[in-house]
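Listed here are the chains, written in short residue letters.
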Amino acid sequence: NTITYNSAVSACKAGGQRAQAFALLVKMMSASVELDTITYNAAVSACEKGGQWDEALVLLEEMAVARIELNTITYSATVSACEKGGQWAKALGLLADM
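Asker: Explain helix 3 (residues 37–50) here, please?
Answerer: In an α-helix, one turn spans 3.6 residues; hence positions three or four apart end up facing the same way. With 14 residues, helix 3 should cover 20 Å at 1.5 Å per step; its first-to-last C-alpha distance of 20 Å lies within 8% of that length. For helix 3, the buried fraction is high: eleven of the 14 residues fall into the buried class. Listed in full, the buried residues belonging to helix 3 are Thr37, Thr39, Tyr40, Asn41, Ala42, Ala43, Val44, Ser45, Ala46, Cys47 and Glu48. Its side-chain oxygen placed 3.1 Å from the backbone nitrogen of Ile38, Asp36 serves as the N-cap of helix 3.

Below, the structure written as structure tokens:
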């Protein structure tokens, strides 16, 4: 269920296993398990930790399309991922969107 997967995605984030976190997202989608704000926040944070700003932005867009709530944690992790990737213009754009 969603809570179990969220815990697993969060564990991947904590362990720096971004690819594994994404694999779990794909598995959740294929198993029709609901992805929520917590799921995406953990995945975006994994991107931030791994410096994958472009993937963080993709996840942010997926959330918007799926009408999943974007919160302060979502934006903060995405802005931080952009900052770590030297994408200052994108980070500032996200701040303006908040």
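Asker: Quick question: what am I supposed to make of the environment of Gln52 here?
Answerer: When you line up the elements, Gln52 lands in the loop between helix 3 and helix 4 (53–65). Since its relative accessible area comes to 23%, Gln52 is described here as partly exposed. Residues Gln52 and Lys84, spaced 32 residues apart in sequence, show a C-alpha to C-alpha distance of 8.5 Å. Contacts of Gln52, omitting those with residues within four sequence positions, involve Arg18 and Cys47.

Asker: Honestly, the side chain of Asn41 in this entry has me stumped. Any pointers?
Answerer: With respect to the helices and strands, Asn41 occurs in helix 3. Dropping the residues within four chain positions of it, Asn41 is found in contact with Met63, Asn71, Ile73 and Thr74.

Asker: Looking at this structure, I do not really get the environment of Gly16. What am I missing?
Answerer: Mapped onto the elements, Gly16 comes out in the loop between helix 1 (2–14) and helix 2 (18–30). When the C-alpha atoms of Gly16 and Ser45 are compared, they prove to be 9.7 Å apart, with 29 residues separating the residues in sequence.

Asker: What should I look at first to understand helix 1 in this one?
Answerer: Counted at 1.5 Å a residue, the expected span for helix 1 with its 13 residues is 18 Å, and the 18 Å between its end C-alpha atoms agrees. Those residues of helix 1 that fall on the buried side of the exposure criterion are Thr2, Tyr5, Asn6, Val9 and Cys12. Along helix 1, the residues classed as buried sweep out an arc of 120° about the axis, all on the same side. Across helix 1 from its buried face, at more than 90 degrees, point the exposed residues Ile3, Thr4 and Ala14. Buried residues along helix 1 sit against helix 2 and helix 3. N-capping of helix 1 is provided by Asn1, with a side-chain oxygen placed 3.3 Å from the backbone N of Ile3. Immediately beyond the C-terminal end of helix 1, within one or two residues, lies Gly16, with a positive phi of roughly 70°.

Criteria and thresholds
- Residues numbered from 1 in each chain as written.
- Predicted model: local features only at pLDDT ≥ 70, side-chain atom pairs only at ≥ 80, totals over all residues.
- Heavy atoms only, no water.
- Helix = DSSP H or I, 4+ residues; strand = E, 2+ residues; numbered from the N terminus.
- Expected span 1.5 Å × (residues − 1).
- Buried < 20%, exposed > 50% of the residue type's maximum accessible area, 1.4 Å probe, protein only.
- Polar contact = N/O pair within 3.5 Å; in protein donor to acceptor, adjacent residues only side chain to side chain.
- Contact = heavy atoms within 4.5 Å.
- Arc of directions from axis to C-beta.

These figures come from the coordinates and say nothing about function on their own.
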